Amino acid sequence: MKSYFAMRKSSIGKDKNGIQRMLLNNEFVFQYGPLDQGWWPDGLYTAPTDAALKFDVDKTKEMGFNMIRKHIKVEPARWYYYCDKAGMLVWQDMPSGDLGNGWENRPGILDHGSDQNRTAESEGYYKKEWNAIIDALYNVPSIVVWTPFNEAWGQFKTVEIAKWTKEKDPTRLVNTASGGNFHPIGDIIDLHNYPHPAMPSPDYFGKEYALVLGEFGGLGLPIDGHVWQQKNNWGYQSFKNKTDLFNKYAEFAKRLEQLIPLGLSAGVYTQTTDVEVETNGLMTYDRKDIKFSEAQMKSLHDKLYQINVPVQK
């Protein structure tokens, strides 16, 4: 019997301008990766083989990403093992539960956002399952962020849940509410903005929270012979060929280079693969066609990690 271990520290700390940054082992490392829903055309939430699980992680690494946001799903333990072995950072979402409620995606705005009044039974299942997920994945060193809520889906008692999550596991950052319905608790303020990159204002939010772009992009390109259906596929912005698609992606990567010195700590591009009618993946749903050259993408992404952001000691 063999095992392994890893040591790492996930924290926030201020840079030379007093802006909170996500830190890895007390140093700023820009975290950049795809939104990964882990869907498969033949098994939906179940990968066909163990090799298929590994393929997605390895391909993400080849493209030059250093993080994966595991979106609204918990994977088998093998998937996290492959992330550990590859040195891939992971943000782990809590799967959504119950119906949606009022969503306000603009941070700091009192308008549509609301916590849901879930039944006692519904609340109990959420708390039981979130506790079980953290217990099951606590020893996975690649996980550096917990995300209790996404885009207001079933979001309830936000302050209580975020506080409980942090107390349950103070060794990881808590991204309380990805994409909106932000509450002044947790480590991160997370903006979703499609298609182009943007970020929460460092002047308003940067003194207390790490600033992240939790979702953006969604550039769509249906590949004939690899689509779920022939018509009515979509992306947040659609293209007709790979060259135009890559040029727009490169434009977005350049914008990220500009935002990082201003205070951006992380970005999440939508998404790893096409998912049924969503044709905005880096790969097709069947993983047979890579829409972006791995080497070209890596050359863009390497520049993001080379931006020097000194942090206060």
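Residues numbered from 1 in each chain as written. Predicted model: local features only at pLDDT ≥ 70, side-chain atom pairs only at ≥ 80, totals over all residues. Heavy atoms only, no water.

Engineer: Explain a nonpolar patch on the surface here, please?
Structural biologist: A cluster of nonpolar residues, Leu 44, Tyr 45 and Trp 228, forms a patch on the protein surface that exposes about 290 Å² of accessible area. For Tyr 45, the location among the structural elements is in the loop between strand 4 (31–36) and helix 1 (50–62). Given the relative accessible area of 36%, Tyr 45 is considered partly exposed. (Patch = residues over 30% accessible without salt bridge, like charges linked within 9 Å, V, L, I, M, F, W, Y side chains within 5 Å. Areas by Shrake-Rupley, 256 points an atom, 1.4 Å probe, with all protein chains shown as cover. Salt bridge = Lys/Arg side-chain N within 4 Å of Asp/Glu carboxyl O. Helix = DSSP H or I, 4+ residues; strand = E, 2+ residues; numbered from the N terminus. Buried < 20%, exposed > 50% of the residue type's maximum accessible area, 1.4 Å probe, protein only.)

Engineer: Looking at this structure, how should I read the environment of Asp 98?
Structural biologist: Within the secondary structure, Asp 98 sits in the loop between strand 6 (89–93) and helix 3 (120–137). Discounting residues that sit within four places of it in the chain, Asp 98 has contacts with Gln 116, Arg 118, Ser 122 and Gly 154. (Contact = heavy atoms within 4.5 Å.)

Engineer: When you look at the sheet that holds strand 3 (residues 27–28) in this model, what are you seeing that I'm missing?
Structural biologist: Adjacent strands of a sheet pair through backbone hydrogen bonds, lying either parallel or antiparallel. Spatially, 1-2-3 is the arrangement adopted by the three strands of the open sheet, whose pairing is antiparallel. Where the open sheet ends on each side, the last strands, each with one partner, are strand 1 (10–14) and strand 3. Sheet analysis places strand 1 next to strand 2 (residues 20–24), joined by five bridges and oriented antiparallel. In the sheet register, Lys 14 faces strand 2, and the bridge partner there is Gln 20. (Pairing = 2+ DSSP bridges.)

Engineer: Would you take a moment to explain helix 6 (residues 242–259) for this structure?
Structural biologist: Because an α-helix completes one turn every 3.6 residues, residues spaced three or four positions apart along the sequence face the same direction. Across its 18 residues, helix 6 extends 26 Å between first and last C-alpha, which sits within 8% of the 26 Å expected from 1.5 Å per residue. Looking at the buried side of helix 6, the elements it contacts are strand 4, strand 12 (210–217), strand 13 (219–220), strand 14 (237–238), strand 15 (264–270) and helix 7 (294–305). Where helix 6 begins, one side-chain oxygen reaches toward the backbone nitrogen of Thr 243, 3.1 Å away; that side chain belongs to Asn 241. (Expected span 1.5 Å × (residues − 1). Polar contact = N/O pair within 3.5 Å; in protein donor to acceptor, adjacent residues only side chain to side chain.)

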